[in-house]
Amino acid sequence: MATIELRGVEKRFGDQYAVKPMDLTIESGEFVVLLGPSGCGKTTTLRMISGLEAVTGGAITFDGRDVTWSHPSDRDIAFVCQFFALYSHLTCHDNIAFPLQARGESRGEVKRQVAEVAELLQIGHLLNVRPGALSGGDQQRVALARALVRRPAAFLMDEPLGALDADFRETMRAEIKRLHLEQKATTVYVTHDQIEAMAMGDKIVVMSAAEVQQVGSPADVYYDPANLFVARFIGSPGMNLLSGRYEQGVFRFGTDQSYTVPADVKPALERAIGQGELILGFRPEAVNVQPSGPIASKVYASDLHGGYAMLHLDIGGETVVHARAGRGQRYAMDSEVRFDLDPEQVRFFHPATEEAIRKEQVS
Amino acid sequence: MSVSPTPRTRRPLSDRNITLLFIMPTMVILVLMNVYPLFYSLYLSFTDYSVISAEPPKWIGLENYTTILSDQRFWSHFAVTGRFAFLSVGLQMLVGFGLALLIREKFRGSGLVTTLILVPMMLSPVVVGVFWRLMFNPSYGIFNYLLGFTDINTAPEWLGQPVLALWAIVIVDVWMWSPFVMLLSLAGLSAIPNYLYEAAAIDRAGAWFQFRRITLPQVMPLLLIAVLFRTIEALKQFDLVMGITGGGPGDATEMVSVRLYREAFQGQFDTGLSSALAYIVLIVIVAISNLYIRQLNKVREG
Ligand SMILES: Nc1ncnc2c1ncn2[C@@H]1O[C@H](COP(=O)(O)OP(=O)(O)OP(=O)(O)O)[C@@H](O)[C@H]1O
Ligand SMILES: [Mg+2]
């Protein structure tokens, strides 16, 4: 299994950046997810790693070997793409056998290995059919089988579940995760679905506008977003963000509301902005509804989800924040609700640079 | 004096009538120009009849057919035609598909090159035939000169020897019609989605493996269509033969349709016999086409 390193890798089409210079290390056996909205350069990044797209700058190494200008076939990778890219004129068996036959395996060996993967993915009964006759899910399985049968050094997957319906995605997601754990293969997985990213990734690379926004574990990008983009993009709904002013340890916002900033971030805030404009962020589950809470709001709406209620709270008539509350209690529309925030889960952002302001690490 | 306007109601045509109105002229022309001659010539093929005689057609049953099939010379015409079709279509496929592979990648001026290659196909076959006859001429033709034969005594006499004469027609036919095969091949090649080659590169397939497992099967349906069209044309080959050899030397390049022409429009104007010969050619072509089409469907369905 390979360790993949990108050093300053970039891609320009004309003078337009599809991917701005990025650094990324993908450890051997790691499952890395590239996550971002449509058009942010995920596919381009993956294609550069595969060698199907030439870089316009930077270097790519596999296990320390420079492969920046190597042909895809010299990189020992498998690529599963969104629209499967199966050989339409070949049967499923021949599709899966293709990489084996291409390297000249004997007939018996091909048969054995195809049968083995087919059994793993439960497509044994489809081997004599052409892919055109199959459902999206089965085609995806065949594409996965073709990738798996080679036992490559790394798997690259570009939204492999994008074309499947919700039910089946869940199953396939689990299947891919299992295969990954069994084979311990280095995997780079592209998706624009953050739930998928959270569920599958050891490491998530959040991209936007051709740029890497944050690299971190699912928990990192969820609880400690590096900037406002990540804060808004990750989570559904995204992080609640309140604009206000910071003055002497107090965050003032809305109509005369104030929130006392946790003591341990004050030094960082004062260093970053002194006194002045600040953005405060918190996840819905950081909200504690309690009559003595410092923040006043009015219930705008509330929806019941399976195990909890999602409150939409109107703060000072302009901002609606989302809060998670127990199902136990009912909240009438327009009733007053006061709440507090879990000080561990309050985050701050610089309004101009949009970067997170984090409390200083005690060293 | 008052004129009361009489209300003239115009009944709109029904959809069905409009349909008929549009189809009828075509149908009438089709019947007059195609269907009637087809069946009338079928009838004539069973008669003793000449268009230039005053005698009406006389029914003689299968006699025309037995005359043709028992005459050794007709069999040799079929053999020549078959040999010509095999050589000419085979070479056209090789040259045409080869050219298509070469100019498949877009390069500067590839549009111009493609157009230039297509020129022979657009010329009139009679003109082509006459010009090539001049080029094949052993004393002043340029063809031998280009091949490097400058001594008139050792140079091959293309139109004078039976085997070479057939090859001469094959060469001209290949020169003229390979571009057509190339055009069809290009259409087939450009319809192969690029992602198949990307997938093959990822699967670490070499160039030859990619050609065998992706390119060839993907263009096969269009190649078979090219073979079908060219075979039908080759079996009907007439104008090039007339232009280049006129069927000679002797009757070495006398193909079926040339003989058909002679029977129908020269000497006795034997309309009955030539109708029978035309039907034999038609049956052969339909049979061969059917074989090809069956093969084509097999390739499509796999
Ligand atoms: N061949 C190309 N020529 C010009 N621009 C391109 C080309 N390929 C991609 N781009 C541009 O590069 C940017 C990134 O494209 P890319 O396909 O990598 O996005 P993506 O993140 O994969 O999006 P999606 O989620 O829609 O697949 C886009 O703005 C796209 O228009
Ligand atoms: Mg994409």
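Because the structure is predicted, anything quoted here is derived from the model rather than measured.

K.L.:
Can you walk me through the overall build of chain B in this structure?
P.N.:
If you tally the helices and strands in chain B, you get 12 helices and two strands. When the backbone C-alpha atoms are referred to their principal axes, chain B occupies close to 95 × 60 × 45 Å. Taking contacts inside chain B between residues at least 6 apart in sequence as the whole, the part at least 24 apart equals 67%. As displayed, chain B offers around 17800 Å² of accessible surface, 67% of which is attributable to carbon and sulfur atoms. Seen as two clouds, the 21 positive and the 18 negative side-chain charges of chain B have centres 12 Å apart.

K.L.:
When you look at the sheet that holds strand 19 (residues 336-341) of chain A in this model, what are you seeing that I'm missing?
P.N.:
Backbone hydrogen bonds hold the strands of a sheet together, and the pairing may be parallel or antiparallel. Residue and element names in this part refer to chain A. What the five strands build is an open sheet, ordered 15-19-16-17-18; its pairing is antiparallel. At either end of the open sheet lies a strand with only one pairing partner, and these are strand 15 (287-289) and strand 18 (319-325). Recorded for the sheet is a direction-independent mean angle of 45 degrees between the axes of neighbouring strands. With six bridges connecting them, strand 16 (residues 295-304) and strand 17 (residues 309-315) associate as antiparallel partners.

K.L.:
Teacher, can you tell me more about the interface of chain B and chain A here?
P.N.:
Accessible area lost on assembly of the parts is the figure often given for the size of an interface. Listed per partner, the contact involves 19 residues of chain B and 27 residues of chain A. Buried area between chain B and chain A, summed over both chains or domains, comes out near 1900 Å², and the portion from carbon and sulfur atoms is 58%. For chain B, the biggest contributors to the area lost against chain A are Ile202(B), Asp203(B) and Arg204(B); these three give 37% of the whole. Summed over the shared surface of chain B and chain A, the number is four salt bridges. Two residues, Arg146(A) and Asp203(B), come together in a salt bridge whose shortest N-O distance is 3.8 Å. At the level of secondary structure, the elements contributing two or more residues to the side of chain B that touches chain A comprise helix 8 (194-202), helix 9 (207-235) and helix 12 (271-301) of chain B. The greatest single-element share of the side of chain B that touches chain A, amounting to seven residues, is contributed by helix 8 of chain B. Of the residues that constitute the side of chain B that touches chain A, the class distribution is 11 nonpolar, two polar and six charged.

K.L.:
Even after reading the chapter, I still don't get the site of ligand 1, so can you show me in this structure?
P.N.:
Residue and element names in this part refer to chain A. Near ligand 1, the surroundings consist of Phe-13, Ala-18, Ser-38, Gly-39, Cys-40, Gly-41, Lys-42, Thr-43, Thr-44 and Glu-159. Lys-42 has a polar side-chain atom sitting 2.8 Å from an oxygen atom of ligand 1. The separation between an oxygen atom of ligand 1 and a polar side-chain atom of Glu-159 is 3.4 Å. Calculation on ligand 1 without its partners gives an accessible area of 640 Å², and the protein chains cover 55% of this total.

K.L.:
For this particular structure, what's the right way to read the packing of helix 3 (residues 72-102) of chain B against helix 7 (residues 162-190) of chain B?
P.N.:
For any two helices packed against each other, the geometry comes down to the angle between their axes and how far apart the axes lie. Residues and elements named next belong to chain B. Look at helix 3 against helix 7: their axes get within 6 Å of each other, and the N-to-C directions meet at 45 degrees. The angle between the axes of helix 3 and helix 7 places the two elements in the oblique class. Handedness of the crossing formed by helix 3 with helix 7: right-handed. When its residues are assigned to classes, the contact of helix 3 with helix 7 shows 20 nonpolar, five polar and two charged.

K.L.:
Could you clarify how one ought to interpret the domain arrangement of chain A in this entry?
P.N.:
All names here are of chain A. Looking at the assigned domains, one finds that chain A contains domain 1 (4-232) and domain 2 (237-357). In this structure, domain 1 and domain 2 have C-alpha centres spaced 38 Å apart. The tally of links between domain 1 and domain 2 comes to one salt bridge. Of the charged contacts, one joins Arg-347 and Asp-224 as a salt bridge, the two residues approaching to 2.7 Å between their closest N and O atoms. Contributions of two or more residues to the side of domain 1 that touches domain 2 are made by helix 7 (218-223) and helix 8 (228-233). Tallied by class, the residues present in the side of domain 1 that touches domain 2 amount to seven nonpolar, one polar and two charged.

K.L.:
Explanation requested: unusual backbone geometry in the structure shown.
P.N.:
Residues other than glycine predominantly adopt negative phi, and peptide bonds predominantly adopt the trans conformation. All names here are of chain A. Here Ser-236 and Pro-237 are connected by a cis peptide whose omega angle stands at 0 degrees. Along the polypeptide, Pro-237 turns up in the loop between helix 8 and strand 11 (240-247). Of note in the backbone geometry, Gln-248 takes a positive phi value of approximately 45 degrees without being a glycine. With respect to the element layout, Gln-248 can be found in the loop between strand 11 and strand 12 (250-253).

K.L.:
Please explain the confidence of the model for chain B as it appears in this structure.
P.N.:
One rule of thumb: low pLDDT means the predicted coordinates there are not for detailed reading. In the predicted model, chain B carries a mean pLDDT of 88, and 97% of its residues have values of at least 70. Of the two predicted TM-score estimates for the complex, the pTM is 0.78 and the ipTM is 0.78.

K.L.:
What's the story with the nonpolar core in this structure? I'm lost.
P.N.:
One finds Tyr87(A), Phe98(A), Phe136(B), Ile214(B) and Met255(B) to be the most contacted residues of the largest nonpolar core, which totals 69 residues. Of all the elements, helix 7 of chain B adds the most residues to this core, at 15 residues. Those residues in contact with Phe98(A) that sit more than four places away from it in its chain are Tyr87(A), Leu90(A), Ala200(B), Asp203(B), Ala205(B), Phe209(B), Arg213(B) and Ile214(B).

K.L.:
Would you mind showing me how to read the packing of helix 2 (residues 63-70) of chain B against helix 12 of chain B here?
P.N.:
Residue and element names in this part refer to chain B. The geometry of helix 2 relative to helix 12 is characterised by a closest axis approach of 9 Å and an angle of 70 degrees between their N-to-C directions. Classified by the interaxial angle, the pair formed by helix 2 and helix 12 is roughly perpendicular. In this structure, helix 2 crosses over helix 12, and the sense of that crossing is right-handed. Contacts from Asn-64, Tyr-65, Thr-67, Ile-68 and Leu-69 of helix 2 reach helix 12 at Gly-272, Leu-273, Ala-276, Leu-277, Tyr-279 and Ile-280. Looking at side-chain class alone, the contact of helix 2 with helix 12 contains eight nonpolar, three polar and no charged residues.

K.L.:
Just checking my understanding: could you explain helix 4 (residues 110-122) of chain B for this structure?
P.N.:
Structurally, the α-helix is built with 3.6 residues per turn, so residues lying three or four positions apart point the same way. In this model, helix 4 of chain B (13 residues) spans 19 Å end to end at C-alpha, consistent with the 18 Å of a helix rising 1.5 Å per residue. Along helix 4 of chain B, the positions that sit buried rather than exposed are Ser110(B), Thr114(B), Leu118(B) and Pro120(B).

K.L.:
Where do I start with the sheet that holds strand 12 of chain A in this structure?
P.N.:
Residue and element names in this part refer to chain A. Pairing in this open sheet of six strands is antiparallel, and the strands run 13-12-11-14-20-21 from one edge to the other. Each having just a single partner strand, strand 13 (257-260) and strand 21 (356-357) make up the two edges of the open sheet. Here strand 11 pairs with strand 14 (residues 276-282) via seven bridges, running antiparallel. Following the sheet pairing, Ser-243 is matched in strand 14 by Ile-279.

K.L.:
What am I meant to see in the pattern of salt bridges here?
P.N.:
A side chain with one charge can pair with a side chain of the opposite charge if their charged atoms come near. In this structure the tally under the stated criterion is 30 salt bridges over all chains. Residue Glu30(A) pairs with Lys203(A) through a salt bridge whose shortest N-O separation is 3.5 Å. Note that Glu30(A) is positioned in the loop between strand 2 (16-26) and strand 3 (31-35) and Lys203(A) in strand 9 (residues 203-208), a separation of 173 residues in sequence. Linking Glu277(A) and Arg245(A) is a salt bridge whose minimum nitrogen-to-oxygen distance equals 3.4 Å. Of the two residues, Glu277(A) is situated in strand 14 and Arg245(A) in strand 11; the sequence distance between them amounts to 32 residues. Several salt bridges share partner residues, and in doing so they unite Lys11(A), Arg47(A), Glu53(A) and Glu198(B) into one network.

K.L.:
Just checking my understanding: could you explain the packing of aromatic side chains for this structure?
P.N.:
Given two aromatic rings, one states the distance between the centres and the angle between the planes to describe the pair. Residue and element names in this part refer to chain B. Under the definition given, this model contains 26 aromatic pairs over all chains. With 6.1 Å between their ring centres and 35 degrees between their planes, Tyr-40 and Tyr-43 make a pair best called tilted. Remark: Tyr-43 and Tyr-40 occur in helix 1 (residues 15-44); sequence separation between them is three residues, near one turn of the helix. Where Phe-46 meets Tyr-65, the ring centres are 5.5 Å apart and the plane angle is 40 degrees; that geometry is what we call tilted.

About the criteria used
Residues numbered from 1 in each chain as written. Chains lettered and ligands numbered in written order. Predicted model: local features only at pLDDT ≥ 70, side-chain atom pairs only at ≥ 80, totals over all residues. Heavy atoms only, no water. Helix = DSSP H or I, 4+ residues; strand = E, 2+ residues; numbered from the N terminus. Contact = heavy atoms within 4.5 Å. Areas by Shrake-Rupley, 256 points an atom, 1.4 Å probe, with all protein chains shown as cover. Lys, Arg positive; Asp, Glu negative; His and termini not counted. Charge placed at Lys NZ, Arg CZ, Asp CG, Glu CD. Pairing = 2+ DSSP bridges. Axes fitted to C-alpha atoms, helices over the stretch in contact; angles between N-to-C directions. Buried area = accessible area lost by both parts, 1.4 Å probe. Salt bridge = Lys/Arg side-chain N within 4 Å of Asp/Glu carboxyl O. Nonpolar A, V, L, I, M, F, W, Y, C, P; charged D, E, K, R; others polar. Near = heavy atom within 4 Å. Polar contact = N/O pair within 3.5 Å; in protein donor to acceptor, adjacent residues only side chain to side chain. Parallel < 35°, antiparallel > 145°, perpendicular 65-115°, else oblique. Left-handed = near helix turned anticlockwise from the far one by under 90°. Domains from an automatic or database assignment. pLDDT = per-residue confidence, 0-100. Core = buried A, V, L, I, M, F, W, Y, C linked by side-chain atoms within 4.5 Å. Buried < 20%, exposed > 50% of the residue type's maximum accessible area, 1.4 Å probe, protein only. Expected span 1.5 Å × (residues − 1). Phe/Tyr/Trp six-rings, centres within 6.5 Å; stacked < 30°, edge-to-face > 60°.

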